[in-house]
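The primary structure of each chain is shown beneath.
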Amino acid sequence: MNKAAKNSLIAVEDALDAILEKIMPVATEAVPLNRCFGRVLAEPIVSTINVPPFANSAMDGYALVANDVKNAALDSPIALTVVDNIPAGVTPKKTIISHTCARIMTGAPMPAGATAVVRFEETSEQISTFDVPEGEVLIYNGILEGDNVRLAGEDIQTGQTVLNVGHRLRPQDVGVLAAIGQATVTVYRKPRVAILATGDELVDVDEPITPGKIRNSNEYVQAAMVEKYGAEAITLGIARDNVADLTAKIQAGLEQNVDLFLTSAGVSIGDFDMVKTVLAAEGEVQFWQVGIKPGKPLAFGQLHASDKLVPLIGLPGNPVAAMVAFEVFARPAILKLGGRLSWEKSSVIANLDEDVTNSGRRHFMRAFVYPTPDGYRVTTRSSGVQVQGSGILTSMVWANGLVVVPENTRHLSSGAPVEVWILD
Ligand code: AMP
Ligand code: MG
């Protein structure tokens, strides 16, 4: 890293672009339909059938010729001869001609000749005002052609692209795949992301806490976030701030065939230089001061594994800074690795509850956003929690959003509209 870069901040976009430039999607695999929820499509899905495949009834009722009953009303029902009874799952055999009808169940194929279905509730099946001649039904409503009929292909048509490459499958998408008979799908393999906490002060969650020590929370946050964004977390535990241990843990991670390496801590100015030295020895790693708050120190580079280069993102140590830097830099990297084509964070515009000031970096302020009749409002203060410290992890428990204050904005007044990233 050169001296000039050391003193100046690099822009958030430039850092992210430099990271994403080195990230390529992982390989693909075929998975059965019942394993594909949450996976990212690696092929466009084109339907080879119509859904529904045939015109069918949307109601339990009578399939008839709409024109026959156009003058039907509560006080002047029209009598039709019942010629068939059609349950779901069968092929109707009879054709409906004028002044005949068929009893039909929801989902049963429409019989030839019928143009509409009148619901049981609008027939002598449910209304007993007049006597019904044997073998007939009285229709009390003058329905129109097409009423209560679902057309073939009204949901999906043969040849239609129903889902695109890069789409992460949700329950409803899995349903569409089932509806069109797609028993297996080609998806991206889940990226494998190594997580390594660094620091002499760290102890694990089940170890006794001794003077000067704190617990390693970053590893657990990051493993959960890796899973949240569709990847597999490979946790490597804690590396001590010495060359031998760091080198050993990094090598252990690389041996597990990971696609991305995340470390936390040890990348800020004044840190034990060991982390930087070791990372530099294991590949090409740059250390940046990014124009972001919290999360200014960031490392990025590529580690030399036996058969490939593995991108590494060195996140800051402070738990909130680590989470924000994860959202801003690691999240897009994981999504791109996993085959996603976009990684824009969901956001809303909300009006600030109070004045905020900023100091020249892009400030991701912990915030609570809430709806009002006049749109969203957002607060960056809480009576119960110290909200803006970069070590206050409970501020992230309190927060449901991050207010994004641009680097060139020094002051925003109460009521001003701001962008808020939605965390949940
Ligand atoms: P560093 O970047 O190493 O100076 O760490 C910055 C701060 O983050 C220090 O207060 C560390 O104790 C804290 N920290 C580092 N790693 C972790 C971790 N895994 N979990 C919780 N806090 C951490
Ligand atoms: Mg440290």
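Just so it is clear, the model here is predicted, and its values are computed rather than measured.

### Observations concerning the domain arrangement of the protein
Right, on to step 1. For the protein, the assigned domains are domain 1 (3-26 + 190-337), domain 2 (28-51 + 154-188), domain 3 (56-150) and domain 4 (347-422).
Right, on to step 2. The C-alpha-based centres of domain 3 and domain 4 are spaced at 60 Å.

### Examining the packing of aromatic side chains
Right, on to step 1. Under the counting rule described, the total for this entry stands at five aromatic pairs.
Right, on to step 2. Ring centres of Y62 and F120 lie 5.6 Å apart, and the angle between their planes is 70°; this geometry places the pair in the edge-to-face category. Highlighted residues: Y62 in strand 4 (residues 61-64) and F120 in the loop between strand 7 (116-119) and strand 8 (136-139), separated in sequence by 58 residues.
Right, on to step 3. Among the residues examined, Y62 registers a relative accessible area of 5% and is labelled buried.

### Here we look at the packing of helix 5 (residues 243-254) against helix 6 (residues 274-281)
Right, on to step 1. With their axes 9 Å apart at the nearest point, helix 5 and helix 6 run at an angle of 45° to one another. As the angle between them shows, helix 5 and helix 6 are arranged oblique. In this structure, the crossing between helix 5 and helix 6 has a hand that is right-handed. Here V243, L246, T247 and I250 of helix 5 lie close against helix 6, whose contacting residues are M274, V275, V278 and L279.
Right, on to step 2. Tallied by class, residues from the contact of helix 5 with helix 6 come to seven nonpolar, one polar and no charged.

### Quick notes on helix 2 (residues 12-21)
Right, on to step 1. V12, A15, L16, I19 and L20 are the residues of helix 2 that are buried. The buried residues of helix 2 all sit within an arc of 125° when viewed along its axis, so they share a single face.
Right, on to step 2. Buried-residue contacts for helix 2 involve strand 17 (283-289), strand 18 (292-293), strand 19 (297-304), strand 20 (309-315), helix 7 (319-337) and strand 23 (362-372).

### Looking at the sheet that holds strand 12 (residues 192-198)
Strand pairing in a sheet relies on backbone hydrogen bonds, with the paired strands running either antiparallel or parallel.
Right, on to step 1. If you trace the six strands from one edge of the open sheet to the other, you get 15-12-16-20-19-17, paired in mixed fashion. Of all the strands in the sheet, just strand 15 (232-239) and strand 17 have a single pairing partner and so form its edges. The sheet shows a mean angle of 20° between the axes of neighbouring strands, direction not considered.
Right, on to step 2. Where strand 12 lies against strand 15, six bridges are found, and the strand directions are parallel. By the bridge assignment for strand 15, A197 is matched with I238.
Right, on to step 3. Packing of helix 5 onto the sheet brings it into contact with strand 12, strand 15, strand 16 (260-264), strand 19 and strand 20, and relative to strand 15 it is tilted by some 165°.

### Observations regarding the site of ligand 1
Right, on to step 1. The full set close to ligand 1 counts 16 residues, and E201, N216, G266, G317 and N318 are the nearest of them.
Right, on to step 2. Taken by itself ligand 1 offers 480 Å² of open surface, and the protein chains cover 78% of this.
Right, on to step 3. For the shell around ligand 1, a count of residues per class yields five nonpolar, eight polar and three charged.

### Remarks on the side chain of K345
Right, on to step 1. Note on placement: K345 falls in the loop between helix 7 and strand 21 (347-352).
Right, on to step 2. Judged by relative accessible area, K345 falls into the buried class, the value being 12%.
Right, on to step 3. Those residues in contact with K345, other than ones at most four positions away along the chain, are Y229, E327, R331, W421 and I422.

### Remarks on the side chain of R331
Right, on to step 1. Tracing the sequence through the fold places R331 in helix 7.
Right, on to step 2. Other than its neighbours up to four places away in sequence, R331 contacts Y229, F326, W343, E344, K345 and W421.

Quick notes on the rules
- Residues numbered from 1 in each chain as written.
- Chains lettered and ligands numbered in written order.
- Predicted model: local features only at pLDDT ≥ 70, side-chain atom pairs only at ≥ 80, totals over all residues.
- Heavy atoms only, no water.
- Domains from an automatic or database assignment.
- Phe/Tyr/Trp six-rings, centres within 6.5 Å; stacked < 30°, edge-to-face > 60°.
- Helix = DSSP H or I, 4+ residues; strand = E, 2+ residues; numbered from the N terminus.
- Buried < 20%, exposed > 50% of the residue type's maximum accessible area, 1.4 Å probe, protein only.
- Axes fitted to C-alpha atoms, helices over the stretch in contact; angles between N-to-C directions.
- Parallel < 35°, antiparallel > 145°, perpendicular 65-115°, else oblique.
- Left-handed = near helix turned anticlockwise from the far one by under 90°.
- Contact = heavy atoms within 4.5 Å.
- Nonpolar A, V, L, I, M, F, W, Y, C, P; charged D, E, K, R; others polar.
- Arc of directions from axis to C-beta.
- Pairing = 2+ DSSP bridges.
- Near = heavy atom within 4 Å.
- Areas by Shrake-Rupley, 256 points an atom, 1.4 Å probe, with all protein chains shown as cover.

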